[in-house]
Amino acid sequence: MSSENNENFGIPEGVERVLVVTAHPDDVDFGAGGTIATLTDAGISVTYCICTDGDAGGFDDATDRREIPAIRRAEQTAAAKVLGVTDVHFLGYKDGYLEPSHDVQRDIVRIMRQVKPQLVITQTPERNWERLPATHPDHMAAGEATTRALYPAVRNPYAYPELRNDEGLEAWTVSWLWLQGDTNPNHWLNVTDNFDRKIEAISCHVSQVSHIENLSEMVGDWQRMAAERAGLPQGQLAEGFRQVQLPG
Ligand SMILES: [Zn+2]
């Protein structure tokens, strides 16, 4: 039985700013909604960077596909607000086509240098064979591009030199990386008290989830399983991450 008073739980010391990089609108809410609420409640400033507009998502043929990017951006912005986040960047890449290209890496390095986070949360770049949808190819691409941006580009002043020369963005070193959707989580947040806000945030993604009848039950099951794996008492809910401490 684990105790929550050890290094496998909670927010690392010294974290004041957090950057979340995900592939699609709704990924952060499903994977880390309770965690984001916990961070902002603790006075930590959280910024989102959403790589695609989720324009291949949805379930409803009646919606004009050209309207989807604007709908999904608005839904993500509303969901962010529920969790105390107002700084949301959209990179505008095409859903289903995301690659860890240098354009994507440069865009992520730019936001990292602007935000100067101590902790970055992204999606695992490794395929989850137990739960394939968790590692949609775009998710792995977002995770891979973010990990490459973290080491070494964001800390190297000579990587993507145009960011420094043209935009005045100096190198920055991030201390912590949390990967959501990883098969080997080693770090958890107890999100029992923030579960309702997580569901409220997910529910903002009307174009994606309004047809799911047992949403709260489904997400609750994931969070119960994570709590069990974390060794928390029965009835608790958790979100789990693979935590990586980056070299100083
Ligand atoms: Zn996704």
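Owing to the predicted nature of the structure, the values given are computational and were not obtained by experimental measurement. (Residues numbered from 1 in each chain as written. Predicted model: local features only at pLDDT ≥ 70, side-chain atom pairs only at ≥ 80, totals over all residues. Heavy atoms only, no water.)

Now for the overall build of the chain. Assigned secondary structure in the chain consists of eight helices and seven strands. A compact globule built from 248 residues should have a C-alpha radius of gyration of about 18 Å, and the chain, at 17 Å, falls within 12% of that. For the C-alpha atoms alone, the extent of the chain along its principal axes is close to 55 × 50 × 35 Å. Here the chain holds 248 residues, and 50% of them are scored as buried. If you sum the accessible surface of the chain, you get close to 11,600 Å²; carbon and sulfur atoms cover 48% of it. (Helix = DSSP H or I, 4+ residues; strand = E, 2+ residues; numbered from the N terminus. Rg over C-alpha atoms; globule rule 2.2 N^0.38 Å. Buried < 20%, exposed > 50% of the residue type's maximum accessible area, 1.4 Å probe, protein only. Areas by Shrake-Rupley, 256 points an atom, 1.4 Å probe, with all protein chains shown as cover.)

Here the focus is the coordination of the zinc ion. The coordination sphere of the zinc ion contains the protein donors H24 (ND1), D27 (OD) and H139 (NE2), at a distance range of 2.0 to 2.1 Å. Classification of H24 by relative accessible area gives buried; the value is 6%. Take D27: its relative accessible area is 7%, and that puts it in the buried class. (Donors = N, O, S within 2.8 Å, 3.2 Å for Na, K, Ca; no water.)

This part takes up the packing of aromatic side chains. Inspection of every chain in the model, using the stated rule, returns three aromatic pairs. Ring geometry for F9 versus W188: centroids 6.0 Å apart, planes at 35°, classification tilted. In this pair, F9 sits in the segment before β1 (17-22) while W188 sits in strand β6 (residues 187-190), placing the two residues 179 residues apart along the sequence. Both residues of the pair, F9 and W188, count as buried. Here the basic side chain of R131 rests over the ring of W222, its NZ or CZ set 5.3 Å away from the ring centre. (Phe/Tyr/Trp six-rings, centres within 6.5 Å; stacked < 30°, edge-to-face > 60°. Lys NZ or Arg CZ within 6 Å of the ring centre and 35° of its normal.)

As a further point, take the nonpolar core. V18, V20, I36, V46, Y48 and I121 are the most contacted members of the largest nonpolar core, which has 36 residues in total. Of all the elements, helix α1 (residues 27-41) adds the most residues to this core, at six residues. The residues contacting V20, other than those within four sequence positions of it, are V28, I36, V46, T47, Y48, C49 and I121. Counting residues in hydrophobic clusters, the runner-up holds 28 residues, among them L98, V115, A159 and L246. (Core = buried A, V, L, I, M, F, W, Y, C linked by side-chain atoms within 4.5 Å. Contact = heavy atoms within 4.5 Å.)

Moving on to the side chain of E75. In this structure, E75 sits in helix α2 (residues 68-82). For the buried E75, no salt bridge exists, and the shortest N-O distance to an oppositely charged side chain is 4.4 Å, to R72. Separated by 2.8 Å, the side chain of E75 and the backbone nitrogen of S207 make a polar contact. Apart from residues no more than four positions distant in its own chain, E75 is found in contact with C204, H205, V206 and S207. (Lys, Arg positive; Asp, Glu negative; His and termini not counted. Salt bridge = Lys/Arg side-chain N within 4 Å of Asp/Glu carboxyl O. Polar contact = N/O pair within 3.5 Å; in protein donor to acceptor, adjacent residues only side chain to side chain.)

Purely geometric stuff here, so don't read any function into it on its own.
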